[in-house]
Amino acid sequence: MTVLLVGGAYQGKAALARQLYPALPLIRDLHARVRNELAAGRDPMALLDSLRGHAVTCDEVGCGVVPVDRADETYREAVGRLCCAVAAEADAVVRVTAGVPQWIRGEKPCM
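Residues numbered from 1 in each chain as written. Predicted model: local features only at pLDDT ≥ 70, side-chain atom pairs only at ≥ 80, totals over all residues. Heavy atoms only, no water.

### Quick look at the pattern of salt bridges
Piece 1. Tallied over the entire structure, the rule returns seven salt bridges.
Piece 2. Its salt-bridge partner being Asp49, residue Arg52 comes within 2.1 Å of it at the nearest N-O pair.
Piece 3. Residue Arg70 pairs with Glu73 through a salt bridge whose shortest N-O separation is 3.3 Å. Here Glu73 and Arg70 lie together in helix H4 (residues 70–89), a separation of three residues that amounts to about one turn.
Piece 4. By relative accessible area, Glu73 is classed as partly exposed at 25%.
Piece 5. When salt bridges with common partners are traced through the structure, they connect Asp49, Arg52 and Glu89 into a single cluster. (Salt bridge = Lys/Arg side-chain N within 4 Å of Asp/Glu carboxyl O. Helix = DSSP H or I, 4+ residues; strand = E, 2+ residues; numbered from the N terminus. Buried < 20%, exposed > 50% of the residue type's maximum accessible area, 1.4 Å probe, protein only.)

### Things to note about the pairing of strand E4 (residues 92–97)
A regular strand places its side chains on the two faces of the sheet in alternate fashion.
Piece 1. Looking at chain direction, strand E1 (residues 3–7) and E4 are connected through four bridges and run parallel. Of the residues in E4, the one forming a bridge with Val6 is Arg95.
Piece 2. Pairing geometry for E4 and strand E5 (residues 100–105), over five bridges, is antiparallel. Paired with Val96 across the bridge in E5 is Pro101.
Piece 3. Counting the residues between successive antiparallel strands, the hairpin from E4 to E5 contains two residues, one of them, Ala98, with a positive phi of roughly 55 degrees. (Pairing = 2+ DSSP bridges.)

### Comments concerning the sheet that holds E1
Piece 1. The strand order across the open sheet formed by five strands is E2-E3-E1-E4-E5, and the pairing between neighbours is mixed. This sheet does not close on itself; its edge strands, each paired only once, are strand E2 (26–27) and E5.

### Notes on the side chain of His31
Piece 1. Relative to the elements of secondary structure, His31 occurs in helix H2 (residues 30–39).
Piece 2. You can call His31 buried: its relative accessible area is 13%.
Piece 3. One polar contact links the side chain of His31 to the main-chain amide nitrogen of Asp59, over a distance of 3.1 Å.
Piece 4. Residue contacts for His31: discarding those within four places in its chain leaves Cys58, Asp59, Val61, Tyr75 and Val79. (Polar contact = N/O pair within 3.5 Å; in protein donor to acceptor, adjacent residues only side chain to side chain. Contact = heavy atoms within 4.5 Å.)

### Here's the deal with unusual backbone geometry
Piece 1. Unusually for a residue other than glycine, Asp29 sits at a positive phi of about 60 degrees.
Piece 2. Topologically, Asp29 is positioned in the loop between E2 and H2.
Piece 3. Overall, Asp29 belongs to the partly exposed group, its relative accessible area being 31%.
Piece 4. For Ala98, which is not a glycine, the phi torsion comes out positive at approximately 55 degrees.
Piece 5. With respect to the helices, strands and loops of the structure, Ala98 is situated in the loop between E4 and E5.

Shown next, in the form of structure tokens:
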């Protein structure tokens, strides 16, 4: 099972992942991993295989003003493309706002 939890920074994504999907290993801050991959000259899409079978959290970085700096725009696009790829395969996609989950795909797990 793969789960993607997205939302703004500090909205409780990791805590919610631990609560709702305790059996899944947690990968936090996918957006930061994408930045590291780009800085190292690697393609962030190569991370996709390693994300399967995990609960993955990612800050939304695509909202707001379009970056002036090309590197920031490239980063934002890379995060979006990887999240789209994860979401396409995920069993559940959850948007988290103020600790409140909204299921975009899948259903709330039985607890």
